[in-house]
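Descriptive structure summary
Here is how the chains run, residue by residue.
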Amino acid sequence: MNPRLAVTDHVFTVPLDYDEPDTATIDVFAREVVDPRRAADPDGLPWLVFLQGGPGGKSPRPGRGVPGWLDQALSTHRLLLLDQRGTGRSTPVTPTVARGFASGEDLAHYLSLHRADSIVRDCEHIRRELCGDQPWETLGQSYGGFVTLTYLSRCPEGLRACYVTGGLPGLDTTADDVYRNTYPRVAAKNAEFYERYPQDRGKVARIAEVLNTGAVRLPDGDSLTTDRLRSLGLAFGMGDGYERVHWLLDEAFSRPGELSDTFLLNVGGPTGFVDNPLFTILQEPCFAQGPKPTAWAAQRIMAEYPAFAEDADPLLFTGEMIYPWMFRDVRALRPFAEAADILAAKDDWPLLYDPKQLAKNEVPLAAAVYHDDMYVPVEFSMRTLSGLGAARAWVTNEWEHDGGNASGGSVLARLMDMAAGRA
């Protein structure tokens, strides 16, 4: 634990399904963090709730990869780091838990209750316990911005101000819309990557040759395929993403034609989803509203972009796309395979956003929109902002998707000034 911080852990028992509150319950964990110089009188500080990106990401742990915005937040606020339901210490969704369900249908129903609408109701349950009737503020990173707009749609009375970094979704955008926009973006990121590291084009081709000529096993026993190798491109939307992949490739071969143990270890981690299976399961459902199923949108739309074919030259990495093969080939995801197929076919999703409510919104919202964002298309964000009341945006190409953290707090400081009318 970081000795510079005053930390209090909270555990809240909430309904699994708020529409059936007398049935099953789950625990939701949140960590309260205060500057120790203010800990004697924390009630004098306004609450700021951090809504983590994902879906399926747990909140950051103080003292372990401390987010760059933390000091800025603690200079003015009492911070609540929320593990959204199913993540971290909040009754986590794990492969072991999945194997305990009697059927794929039961598991799919359980997982469907972990979207933004349920997260918002958890937040309101927690707010009433901690704050009574007092509204609080939110900081939403990436998917946390999606949650923010659901919050403003359903429970605006609980909010005093909202800050969003790289996370304004299209209000009526489907998964098909998202991937038709993001595949070209990912292709452009690949072009930049190979321009920066031209030697990696040949190296990736040589790795693919090895993978295509025989079974290569990762340390956990999974086969390493070219599809799984290409999923490393998920990192390309972050400020250090190209370097992460480049230096991983740098140690790919222990000798010609033989992949190194170091490389296999370092590929297995980020492509194994052991710590966040919800990210894969809810990636497409987080865009689902109403009667249209997602129907494995990323897989279908990929066929429209031949540059992503497995035999293309150069071999392109994929991005924030989830594919059916993952639930067959990745050990941690196999227990979710049947449920994932059921969710892909689901055609009765609740609506997440209320455009009429958002149009008359009076809660100050300030958003950083990253012009070159690989994950959340700027076009969708700007269209949403045009119909969102009390909202101000800062559009910038200075940062990638992780600008809120990489900026060392300057992005958050600017958003706070914008919401308060100081900038």
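A few points on the structure. Each chain has its residues counted from 1, running along the sequence as written. In keeping with the predicted nature of the model, local features appear solely for residues at pLDDT of at least 70, side-chain atom pairs appear and are counted solely at 80 or more, and the whole-chain, interface and lining totals rest on all residues. As a convention, hydrogens and water are excluded, and side-chain values are obtained from all of the structure's heavy atoms.

**With respect to the overall build of the protein**
Secondary structure elements are taken from DSSP: a helix is a run of H or I of four residues or more, a strand is a run of E of two residues or more, and numbering for both begins at the N terminus. Within the protein, the regular secondary structure consists of 18 helices and 10 strands. Its C-alpha atoms give the protein principal-axis dimensions of about 65 × 50 × 45 Å. With a 1.4 Å probe rolled over the protein chains alone, any residue whose accessible area is under 20% of its type maximum counts as buried; one over 50% counts as exposed, and the rest are partly exposed. For the protein, with 423 residues in total, the buried portion stands at 57%. Intrachain contacts of the protein at a sequence separation of at least 6 include 78% that bridge at least 24 residues. Residue exposure ignores everything except the shown protein chains as possible cover, and the areas themselves are Shrake-Rupley values with a 1.4 Å probe. Approximately 17,400 Å² of the protein is accessible, and the part contributed by carbon and sulfur atoms is 50%. Contacts are assigned to residue pairs with any non-hydrogen atoms lying within 4.5 Å of each other.

**Quick look at the pattern of salt bridges**
Definition used for salt bridges: Asp or Glu carboxyl oxygen within 4 Å of a side-chain nitrogen of Lys or Arg. A full pass over the atoms with the stated rule returns 25 salt bridges. Linking D275 and K58 is a salt bridge whose minimum nitrogen-to-oxygen distance equals 3.6 Å. Of the two residues, D275 is situated in the loop between α10 (261–272) and α11 (277–282) and K58 in the loop between β3 (47–51) and α1 (70–74); the sequence distance between them amounts to 217 residues. For D275, a relative accessible area of 58% translates into the label exposed. Using a relative accessible area of 30% as the deciding quantity, one classes K58 as partly exposed. A salt bridge links D122 to R85; its shortest N-O distance comes to 2.8 Å. With D122 in helix α4 (residues 116–131) and R85 in the loop between β4 (78–82) and α2 (95–99), this residue pair connects regions lying 37 residues apart in the sequence. Assigned by exposure class, D122 and R85 land together as buried. Where salt bridges share partners, they join D9, R31 and R89 into one cluster.

**Concerning the environment of C155**
Residue placement: C155 occurs in the loop between α5 (143–154) and β6 (159–165). Separated by 202 residues in the primary sequence, C155 and Q357 have C-alpha atoms spaced 10.0 Å apart.

**Side note on empty space enclosed by the protein**
Both site types are read off a 1 Å grid over the protein atoms alone. A 1.4 Å probe that fits but cannot get out defines a cavity, while an open set with protein on both sides within 12 Å along at least five of seven lines defines a pocket; lining residues have an atom within 4 Å of a point. Grid points are joined across faces, edges and corners, and a volume is the space filled by probe spheres set on the points. Using the criterion set out here, one finds six cavities of 30 Å³ or more in the structure. Reported here for the largest cavity is a volume of approximately 140 Å³. Lining the largest cavity we find 17 residues, and of these F146, Q283, F287, E320 and Y375 sit closest to its centre. Broken down by element, the lining of the largest cavity gets its largest block of residues, four residues, from helix α6 (residues 175–196).

**Some thoughts on the layout of surface pockets**
By volume, the largest pocket is sized at about 1,600 Å³. Elements supplying a minimum of two residues to the lining of the largest pocket: β5 (136–141), α9 (241–250), α10, α11 and α17 (403–406). Side-chain classes follow a simple rule in which Ala, Val, Leu, Ile, Met, Phe, Trp, Tyr, Cys and Pro form the nonpolar group, Asp, Glu, Lys and Arg form the charged group, and the remainder, Gly included, forms the polar group. Considered class by class, the residues forming the lining of the largest pocket number 22 nonpolar, 20 polar and eight charged. Considering the residues around the second largest pocket, the lining is formed by 19 residues, among which D19, S112, L113, D117 and P350 are closest to the centre. Counting only elements with at least two residues in the lining of the second largest pocket, the list comes to α3 (104–112), α4 and α14 (337–345). By residue number, the principal contributor to the lining of the second largest pocket is α3, which donates four residues. Residues belonging to the lining of the second largest pocket are distributed by class as follows: eight nonpolar, three polar and eight charged.

**Re the sheet that holds strand β2 (residues 25–34)**
Note on pairing: DSSP must find at least two bridges between two strands before they are called paired. The strand order β1-β2-β4-β3-β5-β6-β9-β10 describes an open sheet built from eight strands, whose pairing is mixed. The open sheet has two edge strands with one neighbour each: β1 (6–15) and β10 (391–396). Ignoring which end each strand starts from, the neighbouring axes of this sheet average 20 degrees apart. As judged from the four bridges shared by β3 and β4, these two strands associate in the parallel manner. Note that in β4 the partner of F50 across the bridge is L81. In the packing of helix α18 (residues 410–419) onto the sheet, contacts are made with β3, β5, β6, β9 (365–370) and β10, and the angle to β9 comes to roughly 140 degrees. Here the axes come from fitting lines to C-alpha atoms, over the contacting stretch only for helices, and the angles between their N-to-C directions go from 0 to 180 degrees.

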